[in-house]
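# Commentary on secondary and tertiary structure
Spelled out from the first residue to the last, the chains are:
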Amino acid sequence: MKKTLLALTAIAAMTGSASAADLGARPYAKAPMPAPVANWTGFYIFGGGGGGLSNADQSIVDTGTGTPLTITQRQGGSGWFGTVGAGYDWQFSGTWVAGVFGDAQFGSIRSTIQDPIFDITGNQKLETSWAAGVRLGWLVAPNVLSYVNGGYSGAHFGRTNFTTLGGTPAGVHLNGYDRHGWFIGGGVENSLNIFGITSPGWFMKTEYRSAFYNGKTEAIRFDGTDLPTIHSVRANSWNQTISTSLVYRFNWTGPVVAKY
């Protein structure tokens, strides 16, 4: 009996060894790669365009004394503009982005100026403006930034030629002048890697901005001599714009991933 058990044990041991030898080596499984992480830190440039509204609280004052001659009335207008700019962003705490930027706008946002005493009217054009400010944003997704911004702004308003209510030149004008103020706004910026299209570094942003310029008194002047008349226009300005721009980020070469 003992001899039988020993024989069966020996046969089982040899069978197990043979089965183990027949099995191939366990395949090597590569560790999964980490999820891509976007990096928003770096320089960028942009260019685009949009439309805007202009509003101004205006009154006519005496050129010599500054005494108001009419009540203050709000006049408005609208138009289009182009924009170019550049900036630098820092990404911190994972999903927060802060940055500085500067930009310039050029175009034709018009508003109305009137002297109801002399029954004359004219169109004033916001020809150029610029802004320098900061922005703070939160990453809604790795490639989508929602942000607010604000800062300092300047604007140049072109010459205004007045006409009578019938459209006849009135022989008087306002010279062009500069104004300064501040702005606040916000928008969304997103990568253009959408719909299966790969475009490293290219983004699009859509932004709303509200700019407030200080009040200024400007004399209505005679054509030809440029001498002031007895009336001046006292006005501030509030401009609202919506723009869409194409953005290129120099440091953006696609999501950063670990290599094995």
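Described in the following lines is the structure provided in the data block.

## With respect to the nonpolar core
Residues Trp40, Leu145 and Phe157 are the most contacted members of the largest nonpolar core, which totals 21 residues. Listing elements by their share of this core, those giving two or more residues are β1 (42-62), β3 (96-115), β4 (120-141), β5 (144-157), β8 (177-191) and β9 (202-222). Counting residues per element, this core draws most heavily on β5, which supplies four residues. Those residues in contact with Phe157 that lie beyond four places of it in its chain are Gln124, Lys125, Leu126, Gly176, Tyr177, Arg179, Tyr213, Ser237 and Asn239. Residues Ile60, Phe162, Val172 and Ala235 belong to the second largest nonpolar core, which totals nine residues.

## Remarks on the pairing of β9
One face of the sheet, then the other: side chains in a regular strand alternate in exactly this way. With two bridges joining them, strand β7 (residues 169-174) and β9 adopt antiparallel strand pairing. Residue pairing for β9: His173 is matched across the bridge by Arg221. Examined bridge by bridge, β8 and β9 share eleven bridges and lie antiparallel to one another. Its bridge partner being in β9, Val188 is matched across the sheet by Thr206. Across 17 bridges, β9 lies against strand β10 (residues 228-249) in antiparallel orientation. Following the sheet pairing, Thr206 is matched in β10 by Thr244.

## Quick word on the environment of Gly48
Here Gly48 shows up in strand β1. On the basis of relative accessible area, Gly48 is assigned to the partly exposed category, the value being 30%. Sequence separation of Gly48 and Thr83 is 35 residues, and the distance between their C-alpha atoms is 5.3 Å. When near neighbours in sequence (up to four residues on either side) are disregarded, Gly48 contacts Gly82, Thr83, Thr244 and Ser245.

Scoring rules and cut-offs
- Residues numbered from 1 in each chain as written.
- Predicted model: local features only at pLDDT ≥ 70, side-chain atom pairs only at ≥ 80, totals over all residues.
- Heavy atoms only, no water.
- Core = buried A, V, L, I, M, F, W, Y, C linked by side-chain atoms within 4.5 Å.
- Buried < 20%, exposed > 50% of the residue type's maximum accessible area, 1.4 Å probe, protein only.
- Helix = DSSP H or I, 4+ residues; strand = E, 2+ residues; numbered from the N terminus.
- Contact = heavy atoms within 4.5 Å.
- Pairing = 2+ DSSP bridges.

Limitation: the analysis is restricted to geometry and does not speak to function.
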